[in-house]
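# Results of the structural survey
Here are the chains, one letter per residue:
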Amino acid sequence: MSRILNIILSGAVLLTVFAAHVQAQDKPPPFSTTKVEGTDNVYVFRYGNSQAMFVVTSAGVIATDPIGYGRPQAVTTYVEEIKKVTDQPIRYVIYSHHHFDHIAGGKPFKDAGAKFVAHKRAKERLAALKDPHTVIPDETLDKNRTIKLGGTALELTYLGLNHSDSTLIMRLPKEKVIFAVDLMPVGTLPGRGMIDSYPLEWEASLKKTLAMDWEKLIPGHPGAGGRLGTKQDVQDILTFLQEVSAEVKTAAREGKCWDTVEKEMKLPKYSSWPNYEQAMPFVLRRYCGLWGRGT
């Protein structure tokens, strides 16, 4: 009997060790820098679950979002990763929008001589908040601006209200790549990104983005499986928002917002998306705000 017990215990230990080994293999490294396939100079820097784009040119580097909120080591790592790719100076840092989780911590870039660029509403908001960890933009734009550096053009476009009131779409026309943060999650639901959003305008911005000329989307958070996005991904999130909106609109007019909708409404079609359970309450609450309160 003791021999059988020992065999069982040994087997359990081996299974535990094997499971831990598999889990360690599945877990991505804390950060990574990858070149976008099909381009010569476009890179994605990921730290944890946040991503930024940087572009290397013959006259310097255009970087985006420092992603250093609560983790200054992410920013120093970001700068170090750029230096591994090129010895060109960092000329610009472009803010995707004003939310701290993406743009805080940029002082190392400022110390390196970079100019910070953002939408004018982002600067207004940051000037009012006076966050000590977030660099105030040096330059702003209203509707459009093109950053030209070393033969590379980066188009900055403001589409209006959506995920925030200061979100920029960054497009590399030659490479047919765009960088957009929180506005177009790839294969996942928006989740907390819905809290202070503008739902109807968000849908309009997605339609405008679909009309642009691009092939690859770098999202502000890794897409499902760590992949980049496509126009189909943008269409999928647009369809999702439209379907949730229609369902909640009907329920709201029957007096079911907030509790009944949040507790009972399901969209099984999307239940296989990675963050379905965590994200749906935020999405439903925001649409209850729209159709149940008019906000």
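What you are looking at is a predicted structure, and each value in this text was computed from that prediction instead of being measured.

The next thing to look at is the overall build of the protein. Each helix and strand in the protein was counted, giving nine helices and twelve strands. Along the first, second and third principal axes, the C-alpha atoms of the protein reach 75 × 55 × 40 Å. Taking the contacts inside the protein whose residues are at least 6 apart along the sequence as the reference set, 61% of them involve residues at least 24 apart. For the protein, the centre of its 37 positive side-chain charges and the centre of its 32 negative side-chain charges are spaced 2 Å apart.

In this section: the sheet that holds strand 9 (residues 152-158). Pairing within the open sheet is mixed, and its five strands lie in the order 8-9-10-11-12. One side of each edge strand has no neighbouring strand; the edge strands of this open sheet are strand 8 (144-149) and strand 12 (216-219). For this sheet, the mean angle separating the axes of adjacent strands, direction not counted, is 20 degrees. The pairing of strand 9 with strand 10 (residues 168-172) spans four bridges and is classified as antiparallel.

Within the secondary structure layout, Ala-251 lies in helix 7 (residues 231-252). The class for Ala-251 is buried, based on a relative accessible area of 8%. Those residues in contact with Ala-251 that sit more than four places away from it in its chain are Lys-256, Cys-257, Val-261 and Met-265.

To continue, consider the confidence of the model for the protein. In the predicted model, the protein carries a mean pLDDT of 93, and 91% of its residues have values of at least 70. Taken together, the stretch residues 11-24 has pLDDT below 50 and engages in zero contacts with residues farther than four places along the chain or on a different chain.

You can see His-133 is positioned in the loop between helix 5 (120-129) and strand 7 (139-141). Along the backbone, His-133 and Pro-72 are 61 residues apart, and their C-alpha atoms lie at a distance of 9.2 Å. Setting aside chain neighbours within four positions, we find His-133 in contact with Ala-104, Gly-105 and Gly-106.

Extensive coverage of strand 3 (residues 50-57) is indicated by the burial of eight of its eight residues. Neither face of strand 3 is left uncovered, since the one carrying Ser-50, Ala-52, Phe-54 and Val-56 and the one carrying Gln-51, Met-53, Val-55 and Thr-57 both have all their residues buried. Sheet topology places strand 2 (residues 42-47) next to strand 3; six bridges connect them, and they run antiparallel. Of the residues in strand 3, the one forming a bridge with Val-42 is Val-55. Counted along the chain from strand 2 to the antiparallel partner strand 3, the turn is two residues long, and its residue Gly-48 has a positive phi close to 60 degrees.

To continue, consider the environment of Val-36. Its place among the elements puts Val-36 in the loop between strand 1 (31-35) and strand 2. Look at Val-36 and you get buried, because its relative accessible area is 2%. Separated by 17 residues in the primary sequence, Val-36 and Met-53 have C-alpha atoms spaced 9.6 Å apart.

What follows is about unusual backbone geometry. Between Cys-257 and the following residue, Trp-258, the backbone shows a cis peptide bond with an omega angle of 20 degrees. Residue position: Trp-258 is located in the loop between helix 7 and helix 8 (259-264). Despite not being glycine, Lys-130 shows a phi value in the positive range, around 55 degrees. Note on placement: Lys-130 falls in the loop between helix 5 and strand 7. Of note, Lys-176 is a non-glycine position whose phi angle comes to about 55 degrees, a positive value. Positionally, Lys-176 belongs in the loop between strand 10 and strand 11 (177-180). The partly exposed category is assigned to Lys-176, whose relative accessible area is 28%.

Calculation notes
Residues numbered from 1 in each chain as written. Predicted model: local features only at pLDDT ≥ 70, side-chain atom pairs only at ≥ 80, totals over all residues. Heavy atoms only, no water. Helix = DSSP H or I, 4+ residues; strand = E, 2+ residues; numbered from the N terminus. Contact = heavy atoms within 4.5 Å. Lys, Arg positive; Asp, Glu negative; His and termini not counted. Charge placed at Lys NZ, Arg CZ, Asp CG, Glu CD. Pairing = 2+ DSSP bridges. Axes fitted to C-alpha atoms, helices over the stretch in contact; angles between N-to-C directions. Buried < 20%, exposed > 50% of the residue type's maximum accessible area, 1.4 Å probe, protein only. pLDDT = per-residue confidence, 0-100.

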